[in-house]
Amino acid sequence: MVYCHGLIGAHEPKAMKHQAAITVSIASLLALTAAGCGLALPTVRTPTRPDGATTSPPDPTTFDTGTVDQARACVLLGAPRTSIHAQLFNLLNDYREANGVGRLRYSRTLEQAADQYAVRLYREDFFDHVAPDGTGPADRAVAAGFCDRYVGENLAYGLNQVSTPEDALDGFIHSPPHNENMLRAQWDYVGIGFLQVTGFQGTEYWWVQLFGTEQSDVTQ
């Protein structure tokens, strides 16, 4: 299984995706340094509006996700698309709550971006936060209609493994950069992406967590 995280992607493609003999366990994540997956420290970037205007990210020491009463239309609050999406969403929120971090609300806009990216990872045969055309998580979120570019992303892939929401969450928890992303206090929203494809080598699973924040100082 392979895990990649990032607020923006800076990782090399996973050319080995369809090589059945190659799997990567959580215990061997350190060996992924050369591949660039799972070890680069998350960075916080000043979000940029599609119109080029910039806004400051919320201060994580003072930002309270519980104070957000209404979401902007671009968030598109709603229920997860499938039971699989809902399971990982609920597990994530339970994990955040157990660690003293506010629960997230579900964004169908972020889900759309995450689901589309899971399909793209499969169809274009790569595994990276940066797509072959150079676009990253922020580009995908905005293209799906999300409010701004201040987003975070966790990715996981498994061939005949990482087959359940519990597996995906456990892998994220045991990878410090992914875990840090999941427990960031400034996130307000998340959308889950999931794809399962069965072929001659077995079943492949792609998981995406795409996080977003409510920036009340951004005028829509």
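Residues numbered from 1 in each chain as written. Predicted model: local features only at pLDDT ≥ 70, side-chain atom pairs only at ≥ 80, totals over all residues. Heavy atoms only, no water.

1. Some thoughts on the nonpolar core
Inside soluble globular proteins, nonpolar side chains tend to come together where they are buried.
Right, so step 1: The biggest cluster of nonpolar side chains holds 26 residues, and the ones touching the most others in it are Leu121, Phe146, Trp206 and Leu210.
Right, so step 2: Residue assignment for this core shows that the elements contributing at least two residues are helix H2 (108-124), helix H3 (137-144), strand E3 (151-159), strand E4 (189-199) and strand E5 (202-212).
Right, so step 3: Looking at this core element by element, the count peaks at six residues for H2.
Right, so step 4: Counting residues in hydrophobic clusters, the runner-up holds 20 residues, among them Phe89, Ala168, Val190 and Phe211. (Core = buried A, V, L, I, M, F, W, Y, C linked by side-chain atoms within 4.5 Å. Buried < 20%, exposed > 50% of the residue type's maximum accessible area, 1.4 Å probe, protein only. Helix = DSSP H or I, 4+ residues; strand = E, 2+ residues; numbered from the N terminus.)

2. Regarding the packing of helix H1 (residues 83-98) against helix H4 (residues 165-173)
Right, so step 1: Axis separation between H1 and H4 bottoms out at 9 Å; the angle between their running directions is 40 degrees. Considering the relative orientation of H1 and H4, their crossing is right-handed. Where H1 approaches H4, its residues Ile84, Gln87, Leu88, Leu91, Leu92 and Tyr95 are matched on the opposing element by Pro165, Glu166, Leu169 and Ile173.
Right, so step 2: A class-by-class count of the residues in the contact of H1 with H4 yields eight nonpolar, one polar and one charged. (Axes fitted to C-alpha atoms, helices over the stretch in contact; angles between N-to-C directions. Left-handed = near helix turned anticlockwise from the far one by under 90°. Contact = heavy atoms within 4.5 Å. Nonpolar A, V, L, I, M, F, W, Y, C, P; charged D, E, K, R; others polar.)

3. As for the environment of Cys74
Right, so step 1: With respect to the helices, strands and loops of the structure, Cys74 is situated in the loop between strand E1 (2-6) and H1.
Right, so step 2: On a C-alpha basis, the gap between Cys74 and Ala144 in space is 9.2 Å, while along the polypeptide they are 70 residues apart.

4. Focus: the packing of H2 against H3
Right, so step 1: Between H2 and H3, the shortest axis-to-axis distance is 8 Å and the interhelical angle comes to 120 degrees. By the angle between their directions, the pair H2 and H3 is classed as oblique. The handedness of the crossing between H2 and H3 is right-handed. The segment H2 lies against H3, with Thr109, Leu110, Gln112, Ala113 and Tyr117 engaging Arg140, Ala141 and Ala144.
Right, so step 2: Per-class residue counts for the contact of H2 with H3 are five nonpolar, two polar and one charged. (Parallel < 35°, antiparallel > 145°, perpendicular 65-115°, else oblique.)

5. A look at the packing of aromatic side chains
Aromatic ring pairs are reported here in terms of the distance separating the ring centres and the angle at which the planes meet.
Right, so step 1: Per the stated rule, a full pass over the model turns up eight aromatic pairs.
Right, so step 2: Note on Tyr117 and Phe126: the rings are 6.0 Å apart at their centroids and 70 degrees apart in plane angle, and the pair reads as edge-to-face.
Right, so step 3: With relative accessibility at 1%, the residue Tyr117 sits in the buried group.
Right, so step 4: With a centroid separation of 6.2 Å and 55 degrees between ring planes, the pair formed by Phe127 and Tyr157 is classed as tilted. (Phe/Tyr/Trp six-rings, centres within 6.5 Å; stacked < 30°, edge-to-face > 60°.)

6. Quick look at H4
An α-helical segment advances 3.6 residues per turn. Residues three or four places apart therefore align on the same side.
Right, so step 1: If you check which residues of H4 are buried, you get Pro165, Ala168, Leu169, Gly171 and Phe172. In an axial view of H4, the angular spread of the buried residues amounts to 160 degrees, which keeps them on one side of the axis. (Arc of directions from axis to C-beta.)

7. Observations concerning the confidence of the model for the protein
As a note on interpretation, predicted positions should not be read in detail where pLDDT is low.
Right, so step 1: Summarising the model, the protein shows a mean pLDDT of 74, and 66% of its residues fall at 70 or more.
Right, so step 2: Confidence scores differ between elements of the protein, with E1 showing the lowest mean pLDDT of 51 and H1 the highest of 98.
Right, so step 3: Here residues 6-68 scores under 50 on pLDDT; set against residues more than four positions off or in separate chains, the count is 143 contacts.
Right, so step 4: The model gives residues 216-220 a pLDDT under 50, and that stretch makes 10 contacts with residues more than four places away or in other chains. (pLDDT = per-residue confidence, 0-100.)

8. Comments concerning the pattern of salt bridges
Right, so step 1: The final tally for this structure, using the stated rule, is 11 salt bridges.
Right, so step 2: For Arg140, the salt bridge identified is with Glu153, shortest N-O distance 2.9 Å. Of this pair, Arg140 sits in helix H3 while Glu153 is found in strand E3, placing the two residues 13 residues apart along the sequence. Each of the two residues, Arg140 as well as Glu153, counts as buried. (Salt bridge = Lys/Arg side-chain N within 4 Å of Asp/Glu carboxyl O.)

9. Details of the pairing of E3
Right, so step 1: Burial of E3 is extensive: nine of the nine residues sit out of reach of the surface.
Right, so step 2: Neither face of E3 is open: one carries Val151, Glu153, Leu155, Tyr157 and Leu159, the other Gly152, Asn154, Ala156 and Gly158, and all of them are buried.

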